[in-house]
Amino acid sequence: MIKYTEDHEWLSLDGDIVTVGITDHAQEQLGDIVFVELPEVGTQISKDDEIVVIESVKAASDIVAPVDGEIVEINEAIIDTPSKVNEDAEGEAWFFKVKIDDASQLDAYMDETAYKELTA
Amino acid sequence: MAQDLLKTPLHGLHLELGARMVPFAGYEMPVQYAMGVMKEHLHTRAAAGLFDVSHMGQVLLTGADPSVDLERLVPQSITGLKPSRQRYAFFTNESGGIEDDIMVARREDHLYVVVNAACKAADIALMRAGLQESELVEITDRALLALQGPAAEAALSRIVPVAPMAFMEVGIFPSDFGELWISRSGYTGEDGFEISVPADHAEGFARALLDMEEVAPIGLGARDSLRLEAGLCLYGNDIDTTTDPVQASLTWAIQKTRRPGGAREGGFPGDSIILPKISDADDQEDRRRVGILPEGRAPMREHVQLFENEKDETPIGVVTSGAFGPTVGHPISMGYVPARLSAPGTRIWGEVRGKRMAAEIVSLPFRPSTYKR
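Please read these numbers as outputs of a predicted model, since none were measured by experiment. (Residues numbered from 1 in each chain as written. Chains lettered and ligands numbered in written order. Predicted model: local features only at pLDDT ≥ 70, side-chain atom pairs only at ≥ 80, totals over all residues. Heavy atoms only, no water.)

A separate point is the overall build of chain A. If you tally the helices and strands in chain A, you get four helices and nine strands. Starting at the N terminus, the α and β elements of chain A follow one another as β-β-β-α-β-β-β-β-β-α-α-β-α. Overall size of chain A, expressed as C-alpha extent along the three principal axes, is 35 × 35 × 20 Å. When contacts within chain A are restricted to residue pairs at least 6 apart in sequence, those whose partners lie at least 24 apart make up 60%. Within the structure as shown, chain A displays about 5,700 Å² of accessible surface, and the carbon and sulfur contribution to it stands at 43%. The average position of the 7 basic charges and that of the 30 acidic charges among the side chains of chain A differ by 4 Å. (Helix = DSSP H or I, 4+ residues; strand = E, 2+ residues; numbered from the N terminus. Contact = heavy atoms within 4.5 Å. Areas by Shrake-Rupley, 256 points an atom, 1.4 Å probe, with all protein chains shown as cover. Lys, Arg positive; Asp, Glu negative; His and termini not counted. Charge placed at Lys NZ, Arg CZ, Asp CG, Glu CD.)

Encoded structure:
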């Protein structure tokens, strides 16, 4: 199941692990991404915490935690090569995986149809 | 988009090319095209980029000898500027600060001056007030384009014979697009040309260039990262009315004849402040514009505060331009630090999002320029 936030993050739930990235629409709006800062593995995050910094050629943007939980894995590849986010935002260039406290938190987010309407 | 924004003669072409338009110095200008800032930057360094810089001001100074007049307003040697040559110059104020940086070319019996868009009205007022013998004619029926990059010469040569021109040489060329005023210069660190073209021929001229394999349209976004890699100042960011030429590390642009002991020493606004600094630049607390290379990958953008030590509370300087340098492959910045910390190799700290990050003072430019001397 894939869900989308109004902040243009995508969330993919598998058991109690949510993989989080930014949407293709978001990377397009940001432009060429040159820097990504991710939280450390083991960090406890709360919804709306600013946990990721993305810098494009234009400006810096924050990404907020979409759920409560614990960071269990981060994608080192996009730290080394931030341009991967421009190339495959909704695939290989995921940002982090979080062990979610309460999977029902995802219910509030949009499905693909609703997100497409938002960004149309 | 606000209705009162001005449009250049290439506005329609920008829209047709899919440009993202932004307000800039009162004009609606292309910040990027479909290619995106990074690829536009790299394309300019690899082939040739076409920039619309028609928002900049073009002015002619005519009269018996306008160079004598203009020399009262700038610390450069204008009377010593040879025919068909162009020179980087700047207007100074009584406090020694810089009112604008400009290009001045000597053409036969007059001077051709190009000024920054945001300063255009003020510069014209400043010149009208300061010129005693000469007349100022503002050129409003011409566009200004820049063609920059290693393939610029080959591309433009298909239209006019520019290959023999040297860096900072100017010439007037008849062409299918009317009379072209061309200088071999630019603001990217690349070999290239700036071309003034009659407004009603501007689109045809731009299309002729864009039809060529090597040429792509480039927006203001890449123009900014290109000039930063080349170590060139953006007026309003890196230099302004409060920075004097010595602080701005632009002493090289003041010819010896206008310096202490020179034949035409002084005689420009702020000379009593600027000249003593040139002969005795020993105030180690006075600030200097420097290149700054962050050690990490996070860009240090404008307004980032700089510190001498990691834990210091009081900043010693500030970043005035900062971005990712696509050709350098690393974030790069320019900013001001005290002279005592301005030597290349000095380690300083910048505060980014509340964190102190190390950076090194480096000499400019970040990437060697490729001008055809």
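That shown, we press on.
Our next topic: a negative patch on the surface. Judged by side-chain charge, D24, E28, E87, D88, E90 and E92 of chain A come together as a negatively charged surface patch. Looking at the secondary structure, you find D24 of chain A in helix α1 (residues 24-30). (Patch = residues over 30% accessible without salt bridge, like charges linked within 9 Å, V, L, I, M, F, W, Y side chains within 5 Å. Salt bridge = Lys/Arg side-chain N within 4 Å of Asp/Glu carboxyl O.)

As a further point, take the nonpolar core. Residue and element names in this part refer to chain B. Membership of the largest hydrophobic core comes to 61 residues, with the highest contact counts inside it found for Y88, I239, L250 and I292. Here this core gathers at least three residues from each of two domains, domain 1 (1-280) and domain 2 (282-362). Residues within four places of Y88 in sequence aside, it is in contact with Q76, D101, I102, M103, M168, Y187, I239, L250, W252 and A253. Counting 28 residues, the second-largest nonpolar core is a separate cluster that includes L10, L145, I182 and L209. (Core = buried A, V, L, I, M, F, W, Y, C linked by side-chain atoms within 4.5 Å. Buried < 20%, exposed > 50% of the residue type's maximum accessible area, 1.4 Å probe, protein only. Domains from an automatic or database assignment.)

The UniProt entry lists K58 of chain A under the feature "modified residue: N6-lipoyllysine" (unreviewed entry), expressed in the numbering used here. Within the element layout of this structure, K58 of chain A appears in the loop between β6 (50-56) and β7 (60-64). Excluding anything up to four places from it in sequence, K58 of chain A contacts Q29, L30 and G31 of chain A together with R20, Q32 and R301 of chain B. (UniProt positions renumbered as here; feature names shortened; annotations may be inferred.)

What follows concerns the UniProt feature "domain: Aminomethyltransferase C-terminal" (unreviewed entry) in chain B. UniProt records the feature "domain: Aminomethyltransferase C-terminal" (unreviewed entry) at residues 287-366 of chain B, using the numbering of this structure. Between the end C-alpha atoms of residues 287-366 of chain B the distance is 20 Å, and the span holds 0% helix and 54% strand.

All names here are of chain B. Across the sheet, six strands lie side by side as β10-β11-β12-β9-β3-β13; this open sheet has mixed pairing. Looking at strand neighbours, the two that pair on one side only are β10 (170-173) and β13 (215-217), the edges of this open sheet. Neighbour to neighbour, the strand axes of the sheet diverge by 25° on average, direction disregarded. Pairing geometry for strand β9 (residues 142-148) and strand β12 (residues 192-198), over seven bridges, is antiparallel. When the sheet's bridge partners are listed, A146 is paired in β12 with E194. Lying over the sheet, helix α2 (residues 37-46) contacts β3 (48-52), β9 and β13, oriented at roughly 120° with respect to β3. (Pairing = 2+ DSSP bridges. Axes fitted to C-alpha atoms, helices over the stretch in contact; angles between N-to-C directions.)

The next thing to look at is the confidence of the model for chain A. Summarising the model, chain A shows a mean pLDDT of 95, and 100% of its residues fall at 70 or more. Per-element confidence in chain A is highest for strand β8 (residues 69-74) of chain A, whose mean pLDDT is 98, and lowest for β7 of chain A, whose mean pLDDT is 90. (pLDDT = per-residue confidence, 0-100.)

Residue and element names in this part refer to chain A. For strand β4 (residues 33-37), a buried count of four out of five residues is recorded, marking the element as mostly surrounded by other parts of the structure. Of the strand pairs in this sheet, β4 and β6 are connected by four bridges, and their pairing is antiparallel. Residue I33 lies in a different strand from β6, and its bridge partner there is S56.

Our focus in this paragraph is the packing of α2 of chain B against helix α7 (residues 220-229) of chain B. Residue and element names in this part refer to chain B. At a minimum axis distance of 8 Å, the contact between α2 and α7 shows a crossing angle of 55°. On the basis of the axis angle, α2 is oblique to α7. Regarding α2 and α7, the two cross each other, and that crossing is right-handed. Between α2 and α7, the contacting residues are V37, E40, H41, T44 and R45 on the first element and G221, A222, S225, L226 and E229 on the second. Its residues assigned to classes, the contact of α2 with α7 shows three nonpolar, four polar and three charged. (Parallel < 35°, antiparallel > 145°, perpendicular 65-115°, else oblique. Left-handed = near helix turned anticlockwise from the far one by under 90°. Nonpolar A, V, L, I, M, F, W, Y, C, P; charged D, E, K, R; others polar.)

What follows concerns the interface of chain B and chain A. With 14 residues of chain B at the contact, the number on the chain A side is 16 residues. With both sides pooled, the region where chain B packs onto chain A buries about 1,200 Å², and carbon together with sulfur makes up 47% of that total. Area buried by chain B at its contact with chain A is led by R297, R301 and R353 of chain B, which between them contribute 45% of it. Where chain B touches chain A, the interface holds three salt bridges. The residue E55 of chain A makes a salt bridge to R353 of chain B at a minimum N-O spacing of 2.8 Å. Counting every contact that joins chain B to chain A gives eight residue pairs in polar contact (both at pLDDT 80 or more). (Buried area = accessible area lost by both parts, 1.4 Å probe. Polar contact = N/O pair within 3.5 Å; in protein donor to acceptor, adjacent residues only side chain to side chain.)

Now for the sheet that holds strand β7 (residues 110-115) of chain B. Residue and element names in this part refer to chain B. Pairing within the open sheet is antiparallel, and its five strands lie in the order β5-β6-β7-β4-β8. A strand with exactly one partner marks an edge of an open sheet, and here the two such strands are β5 (86-92) and β8 (135-139). Within this sheet the neighbouring strands show an average axis-to-axis angle of 30°, counted without direction. Where strand β4 (residues 57-62) meets β7, five bridges bridge the pair, whose relative direction is antiparallel.

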